[in-house]
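Fold and geometry: a report
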Amino acid sequence: MIQIQKFDYQPGEHEAEKASNSYLMSLIALMAGLPLPIINLMATLIFYLGNRKGTYFVRWHCTQALLSQLSLFCINTVGFWWTLSIIFEDTPINDMYIAYIFTLILFNLSEFIATIYSAIQVRKGIHFQWWFYGGLTQLICKKAI
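The present account deals with the structure reproduced in this document. (Residues numbered from 1 in each chain as written. Predicted model: local features only at pLDDT ≥ 70, side-chain atom pairs only at ≥ 80, totals over all residues. Heavy atoms only, no water.)

What about the nonpolar core?
- Residues Ala19, Tyr23, Phe57, Ala65, Leu67, Ala114, Ala119, Val122, Phe128, Trp130 and Tyr133 constitute the largest nonpolar core, which totals 11 residues.
- Sorting the residues of this core by element identifies α1 (13-32), α3 (56-88), α4 (95-123) and β2 (127-130) as the ones contributing at least two each. (Core = buried A, V, L, I, M, F, W, Y, C linked by side-chain atoms within 4.5 Å. Buried < 20%, exposed > 50% of the residue type's maximum accessible area, 1.4 Å probe, protein only. Helix = DSSP H or I, 4+ residues; strand = E, 2+ residues; numbered from the N terminus.)

Comments concerning the packing of aromatic side chains
- Tallying each qualifying case throughout the model produces 9 aromatic pairs.
- With a centroid separation of 6.1 Å and 20° between ring planes, the pair formed by Tyr23 and Trp130 is classed as stacked. Pair noted here: Tyr23 is in helix α1 and Trp130 is in strand β2, with a separation of 107 residues, a long-range link. Of the two residues examined, Tyr23 and Trp130, each falls in the buried class.
- When the ring of Phe132 is compared with that of Tyr133, the centres are 5.5 Å apart and the planes differ by 75°; the resulting orientation is edge-to-face.
- Look at Phe132 and you get partly exposed, because its relative accessible area is 46%.
- Tyr133 sits in the buried class, given a relative accessible area of 9%.
- An aromatic cluster of at least three residues, connected via ring pairs, comprises Tyr23, Tyr117, Phe128, Trp130, Trp131, Phe132 and Tyr133. (Phe/Tyr/Trp six-rings, centres within 6.5 Å; stacked < 30°, edge-to-face > 60°.)

Describing unusual backbone geometry
- In this model, Asp90 sits at a positive phi of 55°, which is unusual for a non-glycine residue.
- Along the chain, Asp90 falls in the loop between α3 and α4.
- For Asp90, a relative accessible area of 68% corresponds to the exposed category.

In structure tokens:
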């Protein structure tokens, strides 16, 4: 799931802290606005916008954190609205709903663990790519501003 790579340079303490904070931002927002999936995405987007002109190391990890939160937002939004339809519209709970919620919980749990691990490793100055998001981040994030 995670692939460790070396950058051409060793990021400074300030860079490592900012890059690590890009992952922690989503965890803090998760605790603040748990039932609303857009809170995580908005917090990560605001942090990304504030650091998009930073060093390549910081921009790269802010972009990867944003991409992971974007997919998490899509999955959680479907589960959120489906649950509301069950509560307020008397939609029956079926096997598809239970399977989706189970998958949603597994995805959120793995994202939570990977985010904590990412924040710790990036804080140490270790650069790595997540399995799916790292390739997308490489395409989006350019070295020169």
